[in-house]
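# Tertiary structure, described
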Amino acid sequence: MSCFANCADAPLAAEAGLSAPPPAGEDPWRTFEELMAVVEALCPEWPQRPTFPQDAKFLL
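Residues numbered from 1 in each chain as written. Predicted model: local features only at pLDDT ≥ 70, side-chain atom pairs only at ≥ 80, totals over all residues. Heavy atoms only, no water.

### Considering the packing of aromatic side chains
All chains considered together, the criterion is met by two aromatic pairs. Ring plane angle 90° and centroid distance 6.3 Å describe the contact between Trp-29 and Phe-32, whose orientation is recorded as edge-to-face. Here Phe-32 and Trp-29 lie together in helix α1 (residues 28-42), a separation of three residues that amounts to about one turn. Relative accessible area serves as the criterion here: at 44%, Phe-32 is assigned to the partly exposed category. On the numbers, 5.1 Å between centres and 80° between planes, the contact of Phe-52 with Phe-58 is edge-to-face. In this pair, the class of Phe-52 matches that of Phe-58, namely exposed. (Phe/Tyr/Trp six-rings, centres within 6.5 Å; stacked < 30°, edge-to-face > 60°. Helix = DSSP H or I, 4+ residues; strand = E, 2+ residues; numbered from the N terminus. Buried < 20%, exposed > 50% of the residue type's maximum accessible area, 1.4 Å probe, protein only.)

Encoded structure:
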């Protein structure tokens, strides 16, 4: 978010949340891979889902 140049108020969430730097020395891809190994162990096969009909419209 940003403010106008003449706005004295801070952005809405400027003071929100906790300030925590990411852990130093850890490879984010390795962390992701370990997380995905846990997910795969909990659900080794994807559940069966029906296919979408041909006339379906997907709008945002």
